[in-house]
Every structure is written in structure tokens, then in C-alpha cells.
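# Observations on the three-dimensional arrangement
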Protein chains: 4
Amino acid sequence: MIKAGIYGASGYMGSEALRVLLKHPGVSVEWATSRSDTPIEHYHKNFYGRGVRFVKPSEAAPCDVVFFALPTGLTAEHCRPFLNGGSKVIDFGADFRLNDKSEWESVYKKSHADWASAQEAVYGVCELHRDEIAKARIIANPGCFSSSSILALAPLISENLIDLDKIIVDGLSGTVGAGDDLDLALHHPEIDNNILPYNVVDHRHSYEIEQELSLLAENKVTINFSSCYVPISRGILTINHCFPVRNAERGDILGLYKDFYRDEFFVKVIDIPKDENASWNYLPYPWVAAVSATNFCHIGLDVDEKRNRIVVYSVLDSIGKGGALVGIQNMNIMFGLDEKTGLDFFGIHPY
Amino acid sequence: MIKAGIYGASGYMGSEALRVLLKHPGVSVEWATSRSDTPIEHYHKNFYGRGVRFVKPSEAAPCDVVFFALPTGLTAEHCRPFLNGGSKVIDFGADFRLNDKSEWESVYKKSHADWASAQEAVYGVCELHRDEIAKARIIANPGCFSSSSILALAPLISENLIDLDKIIVDGLSGTVGAGDDLDLALHHPEIDNNILPYNVVDHRHSYEIEQELSLLAENKVTINFSSCYVPISRGILTINHCFPVRNAERGDILGLYKDFYRDEFFVKVIDIPKDENASWNYLPYPWVAAVSATNFCHIGLDVDEKRNRIVVYSVLDSIGKGGALVGIQNMNIMFGLDEKTGLDFFGIHPY
Amino acid sequence: MIKAGIYGASGYMGSEALRVLLKHPGVSVEWATSRSDTPIEHYHKNFYGRGVRFVKPSEAAPCDVVFFALPTGLTAEHCRPFLNGGSKVIDFGADFRLNDKSEWESVYKKSHADWASAQEAVYGVCELHRDEIAKARIIANPGCFSSSSILALAPLISENLIDLDKIIVDGLSGTVGAGDDLDLALHHPEIDNNILPYNVVDHRHSYEIEQELSLLAENKVTINFSSCYVPISRGILTINHCFPVRNAERGDILGLYKDFYRDEFFVKVIDIPKDENASWNYLPYPWVAAVSATNFCHIGLDVDEKRNRIVVYSVLDSIGKGGALVGIQNMNIMFGLDEKTGLDFFGIHPY
Amino acid sequence: MIKAGIYGASGYMGSEALRVLLKHPGVSVEWATSRSDTPIEHYHKNFYGRGVRFVKPSEAAPCDVVFFALPTGLTAEHCRPFLNGGSKVIDFGADFRLNDKSEWESVYKKSHADWASAQEAVYGVCELHRDEIAKARIIANPGCFSSSSILALAPLISENLIDLDKIIVDGLSGTVGAGDDLDLALHHPEIDNNILPYNVVDHRHSYEIEQELSLLAENKVTINFSSCYVPISRGILTINHCFPVRNAERGDILGLYKDFYRDEFFVKVIDIPKDENASWNYLPYPWVAAVSATNFCHIGLDVDEKRNRIVVYSVLDSIGKGGALVGIQNMNIMFGLDEKTGLDFFGIHPY
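Now for a quick tour of the structure.

Scoring rules and cut-offs
- Residues numbered from 1 in each chain as written.
- Chains lettered and ligands numbered in written order.
- Predicted model: local features only at pLDDT ≥ 70, side-chain atom pairs only at ≥ 80, totals over all residues.
- Heavy atoms only, no water.
- Salt bridge = Lys/Arg side-chain N within 4 Å of Asp/Glu carboxyl O.
- Helix = DSSP H or I, 4+ residues; strand = E, 2+ residues; numbered from the N terminus.
- Buried < 20%, exposed > 50% of the residue type's maximum accessible area, 1.4 Å probe, protein only.
- Contact = heavy atoms within 4.5 Å.
- Buried area = accessible area lost by both parts, 1.4 Å probe.
- Polar contact = N/O pair within 3.5 Å; in protein donor to acceptor, adjacent residues only side chain to side chain.
- Nonpolar A, V, L, I, M, F, W, Y, C, P; charged D, E, K, R; others polar.
- Least-squares fit on C-alpha atoms with pLDDT ≥ 70 in both.
- Pairing = 2+ DSSP bridges.

## With respect to the pattern of salt bridges
All names here are of chain B. Tallying each qualifying case throughout the model produces 76 salt bridges over all chains. Among the ionic pairs, arginine 137 bridges to glutamate 120, the shortest N-O distance being 2.8 Å. Within this pair, whereas arginine 137 is found in the loop between helix H7 (126-135) and strand S6 (138-140), its partner glutamate 120 is found in helix H6 (residues 115-120), the two being separated by 17 residues in sequence. Taking the relative accessible area as the measure of exposure, glutamate 120 reaches 33% and is therefore partly exposed.

Pasting the structure below:
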């Protein structure tokens, strides 16, 4: 059994990891921390009466793997003793995601406390970096928008099919993505009938998407990313728009995606119906509700052959495949387990 | 392995059973039926790309247990060949819930096709009828409001603490409870900012609640029940108001509930905070979100000692503990498995 | 033109009064206060670019009428100079609602700063106290649940038709009712798929409902009230359950309500369809969405003749007919205007 | 008084026109039609008890202006007798929006019944075509996405600032935009926690946006448009992405917009805060909730100077400024009224 700890489990991301790890057949959860005295079942009522307890951070000892779910900068401050104690580290935050220190410090507006760990870390998109993850000691779990957009664009980028300077991505996020810090914009009366644009240019996730896709392209990729919160709790949709640099036919592009993800259990390519007049009833589309609370990413696409544009839709859960659960997939790979272990449950319908 | 079939899996209830049975360690799902040619993954996008298939009803053969998820009256029409073929039957519908044929026909406004099965059936509230369920061949799975309200009121009834003529129950339901038949009232623009009263008196579930609680009371119990849809997808809250017939103190009543459900894994009694000025932050309340997509029922209560009223809140998921999942709990009991098998996963937070 | 001021307009209640008063043909808004330097159009984006400005409380001078939208206790502290300056006062808060000082201080857990004003104030349910309101200098605007429940029960109480000890009221509220103080329970991810019970017994509004209905009954009335937040922004539904003390037939009770409110423009009695099998499509029910952002109250009822219960549904907007807008109706009456003035706009569909 | 008729008022668009016209100080509503016998107050409960009645289409006689709210193609079939009877016509549908008949018939997949009317019609974006509207007899009211996107892009287009081949627009719509035809995708349990992509390329509104912006550019403009439904009832957000063809600084672009819309009452330009770390609390953003049920359009923008992209956010209500209410603004212009008449009410907060 892999002995696992969760450093920071009072928030949404840490508790999502805890929920799934507690039922993972190859894992024993040794501890989950909170600085507060409030019982876990008051924070996370899904644990009510189930005997789950927080420990204080001071009681957290190194074990086989430690998941960090902390505000930006704090994993870098706190992970070293665990690494020294022999733990592998999976960071749900942004501390280890960028390869360039000055860029990181500019984007996150603070100095970095442990750049050696950042340099050692592997960026945890399993579908692109499986071999390095298997050998890694430190995983930089990707940002939620980043996972969605990287998986959406990787096939096109890998085939040099699109204009790398003119990629537009709109990211729509459920409010779980904002975490549990209170803010008037997330106060229910304000957002219930609303859509909230935020970080409308130069979003932090742009940098890691650009970094990863540039590596794949062996060329500089520019991501023009904007984000909104929509009034759902879970789930992310990125809408990825690209201009093809050579003739692009719908059937070929769809075939490329099906090939690219043929062997990937957690990425499903959906053939969006072509006839715009068809009822939605019983037709396949990538729906965030279908992947909420799971480790799946559903991708669908279409090509406007008249206007020469490719649009790729990619849905996942910001704390599922876009967060805690892909962290567990990374753990499975790092420890040599079948990567589906503990993660192959179905989504929920209706969500 | 228990060989199971699901007769009627295109709707929400049948697909919920399928979702959980496919991961149940003691079950092999032999078939799930739909009359339509539409693939299951178009109805239920949570199954997308997972290799799950419908069969036609004509291909459904008897197996160890068959779950029926059909409109009222159709299980009675279709279950007999399966019973004759040696199958146990669990009906998610209302066909076998009432003990009095003329009452059934009056409430459901049709004649009953198989009253012998109704007479044989055991009403499937596990916490009250565990021994009979263990020996049963046919289970009448309770209505969603019924499960919530019966579990909420059973401790008070069993102790003869309340006025049996003056029980008031308000039931609030998520829209999954309405099924997938289209209706303007469930059309998103109509209900998104709305609360929909319906069946405001003489709700069909009243009869089964009265029947079961009268048996428990050894006396006639009257349930004054009203229902509303609220704009959430999953989950039910019943608010059960009672007038105590002798002195009722909060601590005693809470103690009674904790005792009554001490050994029940799926029913948790929550000690609602007494101080009305306390922030809700991090305080225990029965929340439907905490039990959505699970087999749990959370119960909380308070006593207005000044005005002499007991109020009991009971939350569960209408197609979870109030439907498909309690059906699986019943199956576990019928086949001698630990009743938690396949059902002990955690709820989701945030839902 | 009536010169009006709004003391406290950064919150939801004060801004709702401002929204409607700015278009009221008989009113000139002299000022609206906020202690903050934030422009009103950042708080309330519906005023964006419309030239509306806050003033500091210190700049607020007496005028013909002042609406107070302050936390409990603060109107009593601040209203006296305005009264002395010749202003009439309408308090949206609870400061002047109760007739018994020791009860007020016990319920609100503080000492009262100006009981003389409380004694002078008229409780502002227009339909019951129109004549006193016309002569009043101070109005205690009713609580939102209180308005809904008092209007629902007044006809039955006035005819001595029900058991005064056994009235049960469930109140469901949109989240606007919680105001704009941030609280984790109102954080969008927590409540989006949830129902939040709170103040489950001994709710503060119970006391004013009991006070008003006892006056009407000339007898002590007990209100057993419980409340929940549901995930809509605006609107309140109270479900009022009563046990008739003599034979009650549906047609008679409905006729009583239609008579009682025959001349009331803002209270509409809806004849809920009797056939429980009818589709909801195009059928009349009291729907909160229909009265949101208006001064209307819609009431519907049914009688369970078999079990001997009357249930009355009453919907209004917590900051409309249950708050700021009934305050404007009170103002119209106080100043001798047609009480519909500025308030006779239609609700919005779909809301 | 302008005598107005509404041809087709059982749907959301026609009833929204009716709601506002009934309170318009310069209008007398002569009739509003429905083919059904169902009373209007059962369709639109906001009219409950207000004495509003449908007439049959056969009873509709010509008057000064007739608003048509019909499925595509039917205005062309039904408007001629009203034109001949001296009525001006405002079509909320798509019948008269395109200038090219073969394009119309290809896009809408039917033959056009009255192309002479289409040729005569003026495209009703008031801010661009005010003079022609003043002289028009027939108005083609723009599509909801079209109004939002045209208003968002017109300043950039008019200054030749952007690459006309590479404009990307994501349109997010509340479900009112789908009308009242029932569809499983709009059934509440399906969409409540979901985002629904649809018409992912070659959306019908693309054609009218391209037509109008090409006229403005005096050059061919290509609009790459994709749309989603999000689970709100009212409101549209378009996110308009452009690549500048010469140096674009944020301050200049914002200044351009403020100048362009300086004299427009119904279009407000919002200066989105630049600091991405600022809390959303009390900061200006274009929010759909702020313009829901109004005739306002709020526009905000930002420039990614590092990556050379302009993004323009534009919010309006699909049946307000994007539908029925801009139709009334058009009517005001056609009849020489101040165009704000009957439309200058405030939005609602919280919506």
C-alpha cells in the first residue's frame, strides 16, 4: 500500500483528493492536515459521521507521497522536509509549473522559495509526459484551464496544422475553481443569474499552456486566453479556436484526434453532430456535467470549412481531471500502478 | 457474483442503478434495456466511450435479480416471467408499495395487473424491515419522499411521542425527481429562478408513508404532505413537523434519534447548532448537497420548547437513498452480502 | 413632489427602494447614503452610467420621508434627528416591529435605543392597517416572511376557522434575503446544488407574525415557523398549514380569500388546479418568479378534505412586496397618493 | 398615442414586448395574439389578475405598428395585409435580416415568402442605422448575438484597426434564447450544472453580423462564431477577440469606445479594472445580470499588449436590447419619439 498524506485538506482541492484516496485500493491515507480546529465533517459535510479526522500540519510526517493543496508559494516553502524524508511530492498549486524562474516571479508577483524543486518537477499532463512522470519525484500538477486547453490543442500542435500566433481560448469555469475564499462576486445573489469575466487578458494559466505547447511544437506558441465564471459549481469548458495553415477537413481532423487519444482511457473524443438543425436530444456533445467529479476529459470539435477555422471543445472538472484526480493518476504512474486504479468510476447523470 | 438485469435504463433511475452496479464488487450486470435505438452514451453522457450497451427488452432473460425502472403499472405487467424464471425482483416504481388493492387503484387511477406480487412484496426501507427483506423475493422500493419522511419520523412514532393526527411534512425535491418527461414547468427558463408547488394535497407518497408509520405506531397515522420542486437537480429535503404529546426536551429527542440509528451506516444524525446567531460557516446541518449521488440519509432536528413543536429535517437523493441505491442496499441484504457493499463511497463536496 | 432620502443604500434593500423611487412620478430622491467611497455603480451595476451618486451619511438632511435600510438597532439610533426635522420615517429593519419592549430585547439580543419611536410606529402591512398607515409618522416595515405569512393567514384567522395553536409555516427564501454579508454557506459552490435550513425554530419573524395575527384573532396565535434558503436569488414562498376547527370545503375557503382580497391590487388569489394529474403547463400556481422584483403577492390554496388540512401558498419578493416596495406602498398611503403609484409595473417572464 | 399590435405573444419575445408596451406612455396596445385558448396569465404568470387578454390572430387588425414574434418564415407570410393596411412592421424574427435572398434561403433552409419586404426592411441596430430607421416602414430586428457582437466590434471596424479575417466570437446565452420549445437539453436536470455548446460553427447569426460589419468596413468581414447555453435564464455575453493590424494601446482603444458611444444612452462603456489581482468586490465589469430585462448594452474591453490581442465583452438581454426592447427603441425612432421613452427604467440588482 502506498502511504499518502494530504497537506492542506480544508479546501476544495485537498478534500477532493481525500475523497478518492480513501477508496483507492492501493493507498492508505496516513494523514490530512488543517490548521483549524473545526472538524473536517463541518467543512466537508460529505464526510459526516465517517470517522475522518484532520491532523495539525505539525503532525504531518513524511510518507510515500504527499499531495500539497496550498495557496501559491507555500508548497515551495513546506515541501522540502518531506522530500528529504523520502516522500514523493505532488503539488496541486502553481509553484513548480513554469520552467523560467523570472517568468514565474513576474507572473505570481513573489519570489520563489525553492527553485531547485521547480527545476526537478515534471509537468503532470499524463498523456504527454507519462514516461517522465514514471521517473519523477516531484510533480507540478497542471492548472485546470491548462489541462483542458493543452489536451484540446496537442493533436493540432503536434501535426503543425495551425497558426501558432493566433490561437484563441475562452475558458468557462464553475465556481469551485475560485476556491473557498469569500468574495462578493461569488456571493450567491450576485452570480446566480450572471456570468463573471475575470483575468480577461494575461491569465496566469496562459504561461503554462504556452510553455507546454511550445515544447510540443518545437516553436513558440501564443495563447490568447480569457476566462469567465459561470453559475455552476463544478466543471470547466475551454473553447479553443485555431486557424489552420493548410487545408483542414472535418473528417481528417476528427480522425487525427481519435488516433491521438486512441489509447488514452481518460480522454474521450466525441463526434459532435454536424447537422445544426438536429435536436440536442440524445446527441453527443462534450458536456461538463458528464465529467464532473471524475478524471475524464471529453473533447469534441468542428471545422468551419467555409471560413477556415477549427474549434475544439474540451471539458473536465477543475478539481477532477483538472486537479486532484489527475494528481492521483500521476501518483499511479509514479508508483507503477495501472493508472486507472481508483479512478475508473463513472460520472453522474444527471449531475 | 450476483447476475443482475436492469429493465428500463434509459431514464434517470435505471441509469443510476447501472452506474453503481457496474462497479459493485459482487455483481455482474447481465443487461440493461431500452426500447430505443439511441446508444446509452447519448442518453447518459457519463457512459461515453465506456463500452456500455443497451439491449432490447425482448433480449432480457431472467437472472439472479432484476431491477425494474418503469412507469407506474408496467412492472406489474412485466415482472412475472422473471419471477417464474427464478429472478428476485426489485421495483423502483410504485406498483407494489401499498397493501390495500382498492387504495392502490384509487391512488394510481388504474387497475393493478398482478396483485399477488404486490401482496408478496416487502416494503424496502432497510432500517425498518431488514429481516423481511433478507427473505424476500420481491421488493417494493419506497418512494423518495417516503424514505426521507419515514426515516425522519420513525423514532418519534416508535416511542409514541407525537400527535399522530397532526403531522405536517413539506417535501422539497430536485428536478431529477420529475424524471425525464418534458414539461414546460421543468423547462430551464421557467424554473431556474422559481419554486414549483405541485400535488399540494393528497400526494401519492402520503399513502405509503401513512401505511408504514401506522404499522410502526400500531395506530392510524395521518400525514399531511405537500411538495415543491426547487431548482437543484438532485436531492430531497423533507421538513417533518410534529406536536409532542408529552414533554419533549431537545436533548432527549436528539438522544432518541442517535440511539435509534446507532447501528445504521447509511443514516447519520446531525446535531444542528442551537445558537441561531452562529454563522453557518463550518456548522453541521443536514445538507442535500452532502448526500447527493449517495445512499446516505442525514437527519437533523430541533425542538421549539417554547411553542411545543418538534421539527425533523431529512435529506437524501431521490434516485440515491431514495431510489436506485437503496434498491442496491436491498439487493445486498437479499443476497446475504454486507449491505454496504458497493455503496460506501463518499458524497461529493462541493457538489 | 415628495422629497425622499434613503439612509443606507449600499445594501440590497436600500438600492431596491432607490431603483423604484428614481422612477416614481411623485417622488424626488434627495439623497441616498453610503459610508463607503465606492461609487454606487460598482456596488449596484444596474446603475452603471446613469449619474446616480451616494452621499455620506453626514450629508443626509431631513426631507419629507426617509427610508432606513440599516442593520438591526441602527434605525432606532439614527432616526430621531430626521423625525425632529419633520421627516416621516419608514424602517425596512426590525427596530419598530414589536409592541413589547422586553420581547424585542430578548429576540434581538440588544437594548433598544428609542422605544418611543417603536411605540409610535405602525406595522406596515397595508392590507390590514391602511387607515393607521395613512395617519402615521413612523412605519415599521414588516419582515419578508412575515408579510408573506400574514397575508396568507389573515382570511382564515379573521373568520376563526383554524386551530390557533397548531399553525405550521415553512418559509423558503432566495438568497437576497440573507443580505450582502459574506458567509460560506452563501458562497456559490456551497449553495448552488443545496437547500440550507437555518433558524429552524424560534425564528425572529415568528414574533411579529404572532403579534399581528393575535391582534386580528383577538386571541393568542402560535406560529411554528422554520426557514430554508434555496438557490434562487429573489423571492419567498411560505407554505402555511392549518387545521380547520370546523368543516372546511375547498370552494368556500377559496371564496373567502377572493372576497377578502377583492379590492386589493397587490394581492392576487390564484385558483390552484385541483387535478393532480394535469400537466403544469399553462396552469395557475403561485410562482415566486412571477412576482420577483415587484410589489405583488400571489396566494394559492388547497384543502385536503380527506385529512382535514388547509394549505396556503404565498409568494412575494423579499425586497419587493416583502421589503423596499411595500415601503413605497406605505409611503404612497402616508402621503395620500394612489397606493399603486410607481409600483404598478408588471413582473418579468421568464425571470 | 401609437396604436400597437403584437402578433404572437404566447412566447417569450412577444410577451416581453407586451410587458413594456403596456406601460409605455406613448403607446396603446390594441391587441396581442395567440392561437391557443389558454389565458395569457397561465402562460405568463407575471400578468396574473391584471386584465390582459389574448385575441385570436383572425381578430388582429392593422394599426400604427405591428410587432411580429413568430417562428422563422411566418412573418414574411403574415405581414403583408398589415403593411397594406397602413401598419409599420417590426419583425423580431430573422425573416428580413439578410440582404441576399439566396444566402437567406440557404441559411434558413426554406424559400422566402416575401422578398420585397426583406428588401425594404432596415436592419434595426439603432446606434448604426438611426436615420434609416426613422424613415423605415419595416424593421428587421437584429438577432440577439448579432446586436451584442455588432455593438462590440463596430468601433474597431469603423477605424480599420483589426484583422477582418481573424475575428473570433464566443457567444454565451441564457436559456430564454432557446424559446419555449421543449427539448431534453433544456430540461432542468440536464442543464442545471452544465454548459451546452450548440451551432458550434456556421451559426445563423454569423451571416447578419458579417453583413452589417462588412457594410461598416466597406470590406469583407469574417466572423468566426460559436455559441453555448449557460444555466441562467436571461442574458447574453459575447466575447469578441480581435487581432489589431497596427499598434493598439489599451488607453487608446478604451478612448475610442467612449467616443464612439458617447451620445448613446443605451450603450455604456465600462473601464474594466486592469489589476488582475484586485478583488472583484465593487469593481466595474460588464455583467449580464445588470442589464437583464432592460434595453441596455454594457461593453468592456482589454488589450493584451504583450500578445497583441483586443478582447471586447458585450452583455445584453436576448429578449431586451437583443430583442423585444430594441424593437420598442426602433418604434420610438420610427414615430419620432425620444428613443428612451418607456425604456429608461433601471436594471435590477441583485437580479
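## Structural notes on the interface of chain A and chain D
Contacts between the two partners involve 67 residues from chain A, matched on the other side by 67 residues from chain D. Contact between chain A and chain D buries roughly 6,100 Å² in total, counting both sides, with carbon and sulfur atoms accounting for 59%. Inspection of the chain A/chain D interface yields 6 salt bridges. In this structure, the salt-bridge partner of arginine 307 of chain D is glutamate 210 of chain A, at a minimum N-O distance of 2.7 Å. Taken together, chain A and chain D are joined by 26 residue pairs in polar contact (both at pLDDT 80 or more). The biggest single contributor to the side of chain A that touches chain D is strand S9 (residues 223-229) of chain A, with 7 residues. Here the residues of the side of chain A that touches chain D are counted per class, giving 36 nonpolar, 14 polar and 17 charged.

## Looking at the relation of the copies chain A and chain D
Superposing chain A onto chain D takes a rotation of 180° plus a shift of 0.0 Å along the axis, which leaves an RMSD of 0.0 Å. Seen this way, the second copy is the image of the first under a two-fold rotation axis. Most of the interface of chain A is mirrored in chain D, where 100% of its interface residues are also at the interface.

## Here we look at the pairing of strand S7 (residues 167-173) of chain A
Every regular strand shows the same layout, with side chains that alternate between the two sheet faces. Residue and element names in this part refer to chain A. For S7, the buried fraction is high: 7 of the 7 residues fall into the buried class. Where burial is concerned, the two faces of S7 agree: the one with Ile167, Val169, Gly171 and Ser173 and the one with Ile168, Asp170 and Leu172 are both buried. The pairing of S7 with S9 spans 7 bridges and is parallel. The residue of S9 that forms the bridge with valine 169 is phenylalanine 225. Relative to strand S10 (residues 236-242), S7 runs antiparallel, the two being bridged by 6 bridges. Bridging from a neighbouring strand, leucine 172 pairs with leucine 237 of S10.

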